[in-house]
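Coordinate inspection notes
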Amino acid sequence: MSDNIIAVRSRKTIYREGDNVIKVFDTDFAKYDVLSEALNQARVENIGINVPKVVEVKTVDGKWAIVSEFIEGKTLAQLMKENPEKKEHFLEMFVDLQMQVHNASCPLLNKLKDKMNRKIHEADIDSSTRYELHTRLESMPKHNKVCHGDFNPSNIIVKDDGTPYILDWSHATQGNASADVARTYLLFCLDGDTETADAYLDLFCAKSGTAKQYIQKWLPIVAASQSVKGKPEERELLLKWANVVEYF
C-alpha cells in the first residue's frame, strides 16, 4: 500500500486501494475514537450531503482502519492554491457548503454542548476562566444543526464535474452552528492566514444573516475545547484565545 499513499496526517495514513480509500490509524489511536468516526460518517451519509460512504472498519497490520469509497478530485485547498485568481469563488463555494451542512438534521449525532462542556472541564485553564466559559456556553441558544467540527478546505474534495464531497466527520456533532463557524475561523488563524479567516467570517455572516459579534462570543469556548486534543504547537495560542473571555 505504500505506493498508493494519498496523505499522511497526524497519527494516520491514508491510502488508495482500487475504488476505496483506507485510513489507517496509528497503534496508539483509541479503538473507540476510530469506531466513533466511522459511526459519525455512516450517520451523515443520508442527510442530503455528499459524503464518501463507509465500506468497512477493519485492522491492517494490527492497526485500526476505516475503508470508504474513493472520490476522484482535488481538495478545495489545492484548488485555492493553484487558482489564486478564483479564491473568492472558492471561498463562496466553501461557505455555501458549510451552510448546507448546518441546514441538515441528524438526531443521532452527539450533542455539541455536551462535548464542549467536557472539553472545557479538561482544558488547562484557571478555575475562574473555566467557570466563565461554562456559564457562557450554558447561555448560548440551543440548536440541533449538524456541525462538522473540522470544516476546512482540506476536508473538501471537488470532482472534475464540480461536485463537492465533504470528508473527515470525526468531530461531527449537533448543536449551534455558530460554534462550527468559530472553529473554522480559528483553523484559518492557526494556519497563519488571518486574511482568509476575516474574509471567510465576513462572507459567512453576510450570507447567513448572522451577527459577527455572536460568532465571536463562541471563540473562547471553541478555543478552550480545541486546546485539549489540539496540536501541541497550537495549544499556547488556543489557550490565549480561551483566556480572553471577558473581552468578547
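Look up a bit, the structure's there.
Here is a short report on the structure shown in this document. (Residues numbered from 1 in each chain as written. Predicted model: local features only at pLDDT ≥ 70, side-chain atom pairs only at ≥ 80, totals over all residues. Heavy atoms only, no water.)

With that settled, the discussion passes to the environment of D168. With respect to the element layout, D168 can be found in the loop between β9 (164-166) and β10 (173-175). Along the primary structure D168 and Y214 are separated by 46 residues, whereas in three dimensions their C-alpha atoms are 27 Å apart. The contact partners of D168, leaving out residues within four places of it in the chain, are R9, K23, E37, H148, D150 and N155. Here S170 takes part through its side chain, which lies 3.0 Å from a polar atom of the side chain of D168. (Helix = DSSP H or I, 4+ residues; strand = E, 2+ residues; numbered from the N terminus. Contact = heavy atoms within 4.5 Å. Polar contact = N/O pair within 3.5 Å; in protein donor to acceptor, adjacent residues only side chain to side chain.)

Looking now at the sheet that holds strand β2 (residues 12-17). Pairing in this open sheet of 5 strands is antiparallel, and the strands run β1-β2-β3-β5-β4 from one edge to the other. Two strands in the sheet have a free side with no partner beyond their single neighbour: β1 (5-9) and β4 (54-60). Across the sheet, the mean angle separating the axes of adjacent strands is 20° when strand polarity is ignored. Sheet topology note: the β1/β2 ladder contains 4 bridges and is antiparallel. Directly across from A7, in β2, lies its bridge partner I14. The strands touched by helix α1 (residues 31-43) within the sheet are β3 (20-25), β4 and β5 (63-69), with β5 carrying the most contacts at an inclination of about 10°. (Pairing = 2+ DSSP bridges. Axes fitted to C-alpha atoms, helices over the stretch in contact; angles between N-to-C directions.)

Turning our attention to the packing of helix α5 (residues 127-139) against helix α9 (residues 219-229). Angle between the axes and distance between the axes: these two values describe a pair of packed helices. Here α5 crosses α9 at 120°, and the two axes come no closer than 10 Å. In terms of orientation, α5 and α9 fall into the oblique class. As α5 runs across α9, the sense of the crossing is left-handed. Residues L133, R136 and L137 of α5 form the contact with α9, whose participating residues are P220, I221 and A224. For the contact of α5 with α9, a count of residues per class yields 5 nonpolar, no polar and 1 charged. (Parallel < 35°, antiparallel > 145°, perpendicular 65-115°, else oblique. Left-handed = near helix turned anticlockwise from the far one by under 90°. Nonpolar A, V, L, I, M, F, W, Y, C, P; charged D, E, K, R; others polar.)

Moving on, we come to the packing of aromatic side chains. Overall, the coordinates contain 7 aromatic pairs when judged by the stated rule. Summarising the aromatic geometry, the rings of Y185 and W241 are spaced 6.3 Å apart at their centres and angled 85° between planes, so their arrangement reads as edge-to-face. Within this pair, whereas Y185 is found in helix α6 (residues 177-190), its partner W241 is found in helix α10 (residues 232-242), the two being separated by 56 residues in sequence. Through a chain of ring-to-ring contacts, three or more aromatic side chains come together here, namely F94, F151, F188, Y200 and F204. (Phe/Tyr/Trp six-rings, centres within 6.5 Å; stacked < 30°, edge-to-face > 60°.)

Below, the discussion takes up the pairing of β5. Relative to β5, β3 is paired through 5 bridges, and the arrangement is antiparallel. Note on β5: the bridge partner recorded for I22 is V67. Counting the residues between successive antiparallel strands, the hairpin from β4 to β5 contains 2 residues, one of them, D61, with a positive phi of roughly 55°.

Moving on to the nonpolar core. Counting residues in hydrophobic clusters, the biggest one holds 58 residues, and the most contacted among them are L76, W169, Y200 and W218. Discounting residues that sit within four places of it in the chain, Y200 has contacts with L91, F94, V95, Q98, V181, T184, Y185 and F188. (Core = buried A, V, L, I, M, F, W, Y, C linked by side-chain atoms within 4.5 Å. Buried < 20%, exposed > 50% of the residue type's maximum accessible area, 1.4 Å probe, protein only.)

Our next topic: the sheet that holds strand β6 (residues 74-75). Pairing in this open sheet of 3 strands is antiparallel, and the strands run β6-β8-β9 from one edge to the other. Unpaired on one side and paired on the other, β6 and β9 mark the two borders of the sheet. Where strand β8 (residues 156-158) and β9 come together, 3 bridges link them in antiparallel fashion. Bridge pairing in β9 places I156 opposite I166.

Before going further, it helps to spend a moment on unusual backbone geometry. Despite not being glycine, R11 has its phi angle at roughly 65°, a positive value. Mapped onto the elements, R11 comes out in the loop between β1 and β2. Phi is positive for D61, which is not a glycine, with a value near 55°. Looking at the element boundaries, D61 is found in the loop between β4 and β5. The class of D61 is exposed, set by a relative accessible area of 76%.

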